[in-house]
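Working through the structure, step by step
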Amino acid sequence: MTTPAVLDIRGLNVDYGLGSKAVHAVRDVNLTLHRGEVLGLAGESGSGKSTLAYAVTRLLSPPGVITGGEVIYHPRKGEPIDILDLGSEQLRAFRWQEISLVFQGAMNSLNPVHTVRSQLTDVLKAHRADMPRAARDARAAELLSLVGISRDRLGSYPHQLSGGMRQRVMIAMALALDPDIVILDEPTTALDVVMQRQILRQLTRLRAQLDFSVVFITHDISLLIEFSDRIAIMYGGRIVEEAGSKEIYETSNHPYSHGLLHSFPALHGPRRELTGIPGSPPDLTAMPSGCAFHPRCPRKFEPCDQRVPVLAPPTPGSDRSVACWLHAEH
Amino acid sequence: MPEIPDPPTAEVPVSDREIVLEAKDLSKHFAVRRNLRNLADRNRPVVHAVDDVNLKLRRGTVTAVVGESGSGKSTIARLLAQLYPLTGGQLLLQGKPVRAARGRAFRAYCRQVQMIFQDPFGSLNPTHTIRYHLTRALKIHKRAGNTAADLEQALKELLGRVHLTPPERYLDSFPHELSGGQRQRVAIARAMAADPQVLLADEPVSMLDVSIRLGILNLLRDLKERLNLAILYITHDIASARYFADETLVMYAGRMVEGGDSETVTQRPAHPYTQLLIGSAPDPDRVAVEAGAPAGEPTEAADAVAEAVVATEDDDRAGEPPSLINPPSGCRFHPRCPKAMERCRTELPPRFDLPGGQWAACWLYAEDAEERPVLKGAPA
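What comes next concerns the included structure. On a predicted model such as this, the values are computed, not experimentally measured, just so you know. (Residues numbered from 1 in each chain as written. Chains lettered and ligands numbered in written order. Predicted model: local features only at pLDDT ≥ 70, side-chain atom pairs only at ≥ 80, totals over all residues. Heavy atoms only, no water.)

You can see G95 of chain B is positioned in the loop between β4 (88-93) and β5 (96-98). In sequence terms G95 of chain B and V20 of chain B are 75 residues apart; their C-alpha atoms lie 7.5 Å from each other. (Helix = DSSP H or I, 4+ residues; strand = E, 2+ residues; numbered from the N terminus.)

This part takes up the sheet that holds strand β2 (residues 46-58) of chain B. By definition, the strands of a sheet pair up through backbone hydrogen bonds, in either a parallel or an antiparallel sense. Residue and element names in this part refer to chain B. In spatial order, the strands read β2-β1-β4-β5; together these 4 strands make up an open sheet with antiparallel pairing. Looking at strand neighbours, the two that pair on one side only are β2 and β5, the edges of this open sheet. Each strand of the sheet is rotated relative to its neighbour by a mean of 30 degrees, with strand direction disregarded. Taken together, the 3 bridges between β4 and β5 define a ladder with antiparallel strand orientation. Bridge pairing links L91 to V98 in β5. (Pairing = 2+ DSSP bridges. Axes fitted to C-alpha atoms, helices over the stretch in contact; angles between N-to-C directions.)

Residues and elements named next belong to chain B. Of all 8 residues in helix α1 (residues 73-80), 6 are buried, a share of seventy percent or more. Those residues of α1 not exposed but buried are K73, T75, I76, A77, L79 and L80. Just past α1, the residue Q82 takes up positive phi, approximately 60 degrees. (Buried < 20%, exposed > 50% of the residue type's maximum accessible area, 1.4 Å probe, protein only.)

Here the focus is the interface of chain B and chain A. Each side of the interface is counted separately: chain B has 50 residues, and chain A has 46 residues. Note on chain B versus chain A: buried area summed over both sides is about 4400 Å², and carbon and sulfur give 54% of it. Taken together, the links from chain B to chain A amount to 0 salt bridges. Inspection of the region where chain B meets chain A yields 14 residue pairs in polar contact (both at pLDDT 80 or more). Every element with two or more residues in the side of chain B that touches chain A is listed here: α7 (210-227), α8 (238-244), α9 (262-267), α10 (272-280), α11 (284-290) and α12 (300-312) of chain B. Taken together, the residues that form the side of chain B that touches chain A break down as 21 nonpolar, 12 polar and 17 charged. (Contact = heavy atoms within 4.5 Å. Buried area = accessible area lost by both parts, 1.4 Å probe. Salt bridge = Lys/Arg side-chain N within 4 Å of Asp/Glu carboxyl O. Polar contact = N/O pair within 3.5 Å; in protein donor to acceptor, adjacent residues only side chain to side chain. Nonpolar A, V, L, I, M, F, W, Y, C, P; charged D, E, K, R; others polar.)

This part covers the environment of R76 of chain A. Residues and elements named next belong to chain A. Along the chain, R76 falls in the loop between β4 (64-73) and β5 (81-82). Residues R76 and P4 lie 72 residues apart in sequence; the distance between their C-alpha atoms is 9.9 Å. Contacts of R76, omitting those with residues within four sequence positions, involve R35, D180 and D211. Engagement of the side chain of R76 in a polar contact is seen with the side chain of D180, the distance being 3.4 Å. There is a polar contact of 3.2 Å between the side chain of R76 and the backbone oxygen of D211.

Another aspect to go through is the packing of helix α3 (residues 116-127) of chain A against helix α5 (residues 163-174) of chain A. All names here are of chain A. Close contact between α3 and α5 brings their axes to 9 Å; oriented N to C, the two are set at 25 degrees. With respect to α5, the element α3 is oriented roughly parallel. Like other packed secondary-structure pairs, α3 and α5 cross with a definite hand, here right-handed. Judged by residue contacts, V116, Q119, L120 and V123 of α3 engage V169, A172 and M173 from α5. Along the lines of polarity and charge, the residues of the contact of α3 with α5 split into 6 nonpolar, 1 polar and no charged. (Parallel < 35°, antiparallel > 145°, perpendicular 65-115°, else oblique. Left-handed = near helix turned anticlockwise from the far one by under 90°.)

This next bit is on the packing of aromatic side chains. Inspection of every chain in the model, using the stated rule, returns 11 aromatic pairs over all chains. Ring geometry for Y256 of chain A against F293 of chain A: centres 5.2 Å apart, planes inclined by 65 degrees, an arrangement best described as edge-to-face. Of this pair, Y256 of chain A sits in helix α9 (residues 255-261) while F293 of chain A sits in the loop between α9 and β11 (321-322), and the two are 37 residues apart along the sequence. Y256 of chain A gets classed as buried once you look at its relative accessible area, which sits at 0%. The structure contains a cluster of three or more aromatic residues connected by ring pairs, namely Y235, Y256 and F293 of chain A. In this structure, R307 of chain A packs its charged tip against the face of W325 of chain A, placed 4.7 Å from the ring centre. Here R351 of chain B stacks its cationic end above the ring of W359 of chain B, 3.7 Å away from the centre of that ring. (Phe/Tyr/Trp six-rings, centres within 6.5 Å; stacked < 30°, edge-to-face > 60°. Lys NZ or Arg CZ within 6 Å of the ring centre and 35° of its normal.)

Structure follows, in structure tokens:
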């Protein structure tokens, strides 16, 4: 972790609803994204991973409310900016220019009545108003070839492209303004494995070429282990473990990470009896006391149902952290 | 973790178990919607969703059908459940041909062949309790008994079978009060209410949270073993087929391309498409291999897999299956196949038997092929 931080999330809290009925979707999340790295965010549905992405980009729509914390963006040059303090005009200039987002089911977020060209140049028109038309068209063509689609597809409408190509158009659009950070929210969930691998390889290559950082959100942890540098695992709105992807694969400290990793049958090696994790993910409206995972945890003991464990390194000086009483210093 | 005794029911080899449901040369074509351009056309175009599929479901055996979306795997499940009329071919239930899409004969067929759907959020009626869903299934299949006490007993037994205990807690709840995994268990209980011989499971876990998927697969395996069920497991996840199924069939663009024992098909894939599929599946062990950690000796099969993936890497269209309205001539995989030969473009490859009960529909394995690949580790 020698590269400097590009995004610093400190004590972020997000609620849905207000007052006593509020549901705490994200609680006390601390997370750092370093320049040029791929940070994987894993978790099941309802763990708060998508909410976190929307909060960071200030795209939460009511009843979602950010109730606390800060999100500091460190530009290449200039002063750090707290994204949560930006006004709406500043925010408009900031989004896509610095952080862009590829949504879940992105294939369907293209407008069906506009051509690929007009949707790609639209981004440039909004942000680079002084750019001449020819330059915009040239940039759109360049973007398409960047993601491996031939230029003559510029005039196509979304329905003329396959799912994989539409997804790549979305990725091209996210890269249009050379952002520092690209957030991918389940970018390949709707695609087949062959296409998924192709797109991810392309992303890896583009990242090396264009030098941006990636936050990769998915429920498929085996995919993250292959494609990300570091992984943060979320459960019930909190990060329960964060470590390098190889470390987490070799030794996972949190019982939930362990369970998650052992929920995927392997393609190679001996066939083992797998059990998954008993019980079901927590209901955010009725969260268990203490550690949210304790009702499902095979290794729970005395403090687990009373006090919430804090995210801390298991041993002093370690560059990974875990929120579990098993690894806390008493 | 204990290793499963491999194969799970080692006493009777899979190929000797009794065949419950058999499909012979199954085809299904869907007519394309009439529009101005083809209004006058006598031969309206059709989508070749499934062509010439042969399938045997055996007692106490899980047969997996693996394929990408659009490969026709769900159509197969629906054809076997007789939800669609067949375009061609024949279904045999316990050796007797069946062709009844309605009436008493259809209900008798349903009693034997039950289906579980992908989406437990859509397959249960949100306005009715679990008790209603299960009672209805029991009554339709005449297993509700004569008295209220009999019915209550049957309901409790059903829920107990799918490990929803205590049953009282679930019987009077509505679907929205249950989690996805619990709902899928109710859907399984409803299928079990008919006391079927065959269970058709169409992607039963793909809509569920990762941590509870294995619980459902283990439950299905348990039911298979206790009740000697024949299960068809439709999935896009070849790793779960290896985990759960005894036999695996691979589908591409409406045709079966490879089949055999699950372990053989996943460890020693013969068809170039299977190799591509396995090479593309996320596999954390690959990271370990790249890092230089020992992860078993590299095999020729592994080389073939890597080759198949690399070959498609930079091709724009390589990741896409063909149109099924005008499927490619010859082998449907040939436009994407790294090993395509002249013959693949024109002639449809038949099944070629390989050692160990495996087969592949690929010209590479023809008797007169120039370079017949040798599958390493194949039993002689």
